[in-house]
Amino acid sequence: PKHSTMPPQSSLVRGRHSEHFVASTKALLSSRLSHAATINAHMSYPVYCLRFDKTGRYFISGADDYLIKVFHLGTGQSCQSKKGRDGSRRKRCNYGANSRGAVLVCSLRGHAGVINDIDVSSDNSFLATASVDGDVRIWGLKDGCPVAILRGHKGGANMVSWSKLTPY
């Protein structure tokens, strides 16, 4: 029988190579997955759905508080150095929206139940929301105004999706 110079798979995972594998995996994940911000706009209510608009500059969340919240992401940091009254130099930074990176633009009210799903239309002009209350609501994404209410979903509306074939 031929002998392999490679140790069996199980010894690679359990042996001295496993510490290196675990350490390199942690390093890779921490470099790619970082915590950017915590947004606590729905207070202590759990958030069930979150969607970004087509530009990536806004995100929309729906929660157990029956509200849809629209946030604008900051444009980044820009700093200027200014001379103070005492002659010292001070650095003043503008973080776009704020230091956390997002600003609440508006809260959309109208559902009488938990928000289960959110979707943004392909032309980025409408927002559809589905709720336990049985309603699917259509909102204008630019102004937050209600456009339509689709009622009659027995047992609640669990999912909403815009057609890929039409812009509406």
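Residues numbered from 1 in each chain as written. Predicted model: local features only at pLDDT ≥ 70, side-chain atom pairs only at ≥ 80, totals over all residues. Heavy atoms only, no water.

Chemist: When you look at the packing of aromatic side chains in this model, what are you seeing that I'm missing?
Modeler: Aromatic ring pairs: the centre-centre distance and the angle between the two ring planes describe each pair. On inspection of all chains with the given rule, the structure shows three aromatic pairs. Note on Phe52 and Phe59: the rings are 5.8 Å apart at their centroids and 50° apart in plane angle, and the pair reads as tilted. On the basis of relative accessibility, which here comes to 46%, the residue Phe52 falls in the partly exposed class. Its relative accessible area of 9% is what places Phe59 among the buried residues. What links up through ring pairs into an aromatic cluster is the set Phe52, Phe59 and Phe71. (Phe/Tyr/Trp six-rings, centres within 6.5 Å; stacked < 30°, edge-to-face > 60°. Buried < 20%, exposed > 50% of the residue type's maximum accessible area, 1.4 Å probe, protein only.)

Chemist: Quick question: what am I supposed to make of the nonpolar core here?
Modeler: Within the largest apolar cluster, 11 residues are counted, these being Cys49, Ile60, Ile68, Val70, Leu108, Ile115, Ile118, Val120, Leu127, Trp139 and Leu141. Of all the secondary structure elements, the ones that give two or more residues to this core are β3 (68–73) and β7 (115–120). In terms of residues, this core owes the most to one element, β7, which gives three residues. What Ile118 contacts, discounting residues up to four positions off in sequence, is Cys49, Arg51, Ile60, Ser61, Gly62, Ile68, Leu127, Ala128, Thr129 and Val160. If you look at the next biggest cluster of nonpolar residues, it comprises seven residues, including Ala128, Ala130, Ile138 and Trp162. (Core = buried A, V, L, I, M, F, W, Y, C linked by side-chain atoms within 4.5 Å. Helix = DSSP H or I, 4+ residues; strand = E, 2+ residues; numbered from the N terminus. Contact = heavy atoms within 4.5 Å.)

Chemist: Can you walk me through the sheet that holds β3 in this structure?
Modeler: Hydrogen bonds along the backbone pair up the strands of a sheet, which may run parallel or antiparallel. Read across the sheet, four strands follow the order β1-β2-β3-β6 without closing on themselves; strand pairing throughout is antiparallel. Looking along the sheet, the strands with just one partner apiece sit at the ends: β1 (47–52) and β6 (102–108). Recorded for the sheet is a direction-independent mean angle of 25° between the axes of neighbouring strands. (Pairing = 2+ DSSP bridges. Axes fitted to C-alpha atoms, helices over the stretch in contact; angles between N-to-C directions.)

Chemist: Teacher, can you tell me more about the pattern of salt bridges here?
Modeler: Side-chain pairs of opposite charge can arise whenever the charged atoms involved come near each other. One pass over the full model with this rule turns up four salt bridges. Among the ionic pairs, Arg51 bridges to Asp119, the shortest N-O distance being 3.7 Å. With Arg51 in strand β1 and Asp119 in strand β7, this pair connects stretches of sequence that are 68 residues apart. Overall, Arg51 belongs to the partly exposed group, its relative accessible area being 33%. One salt bridge in this structure joins Asp135 and Arg137, with 3.7 Å as the shortest N-O distance. (Salt bridge = Lys/Arg side-chain N within 4 Å of Asp/Glu carboxyl O.)

Chemist: What's the story with the confidence of the model for the chain in this structure? I'm lost.
Modeler: Per-residue confidence for the chain gives a mean pLDDT of 78, with 68% of residues at or over 70. Taken as a whole, residues 9–13 scores under 50 in pLDDT and shows five contacts with residues more than four places along the chain or in a different chain. Below a pLDDT of 50 lies the segment residues 95–99, which in the model reaches 13 contacts outside its immediate sequence neighbourhood of four places, other chains included. (pLDDT = per-residue confidence, 0-100.)

Chemist: Before we go on, may I ask you to explain the layout of surface pockets in this structure?
Modeler: Over the atoms rolls a probe the size of a water molecule, and its path tells where empty space is left. In this structure, the largest pocket spans a volume of roughly 180 Å³. If you trace the largest pocket, you find it lined by Asp53, Thr55, Arg57, Tyr58, Val70, Val105, Cys106, Asn124, Leu141, Lys142, Asp143 and Gly144. For the lining of the largest pocket, the per-class residue count stands at five nonpolar, three polar and four charged. (1 Å grid on protein atoms, 1.4 Å probe; cavity = no way out; pocket = protein on both sides within 12 Å on 5 of 7 lines; lining within 4 Å. Points joined across faces, edges and corners; volume = space filled by probe spheres on them. Nonpolar A, V, L, I, M, F, W, Y, C, P; charged D, E, K, R; others polar.)

Chemist: How should the side chain of Ser121 be read in this particular structure?
Modeler: You can see Ser121 is positioned in the loop between β7 and β8 (126–131). Using a relative accessible area of 0% as the deciding quantity, one classes Ser121 as buried. Separated by 2.7 Å, the side chains of Ser121 and Asp123 make a polar contact. In this structure the side chain of Ser121 is engaged in a polar contact, spanning 3.3 Å, whose partner is the backbone nitrogen of Ser125. (Polar contact = N/O pair within 3.5 Å; in protein donor to acceptor, adjacent residues only side chain to side chain.)

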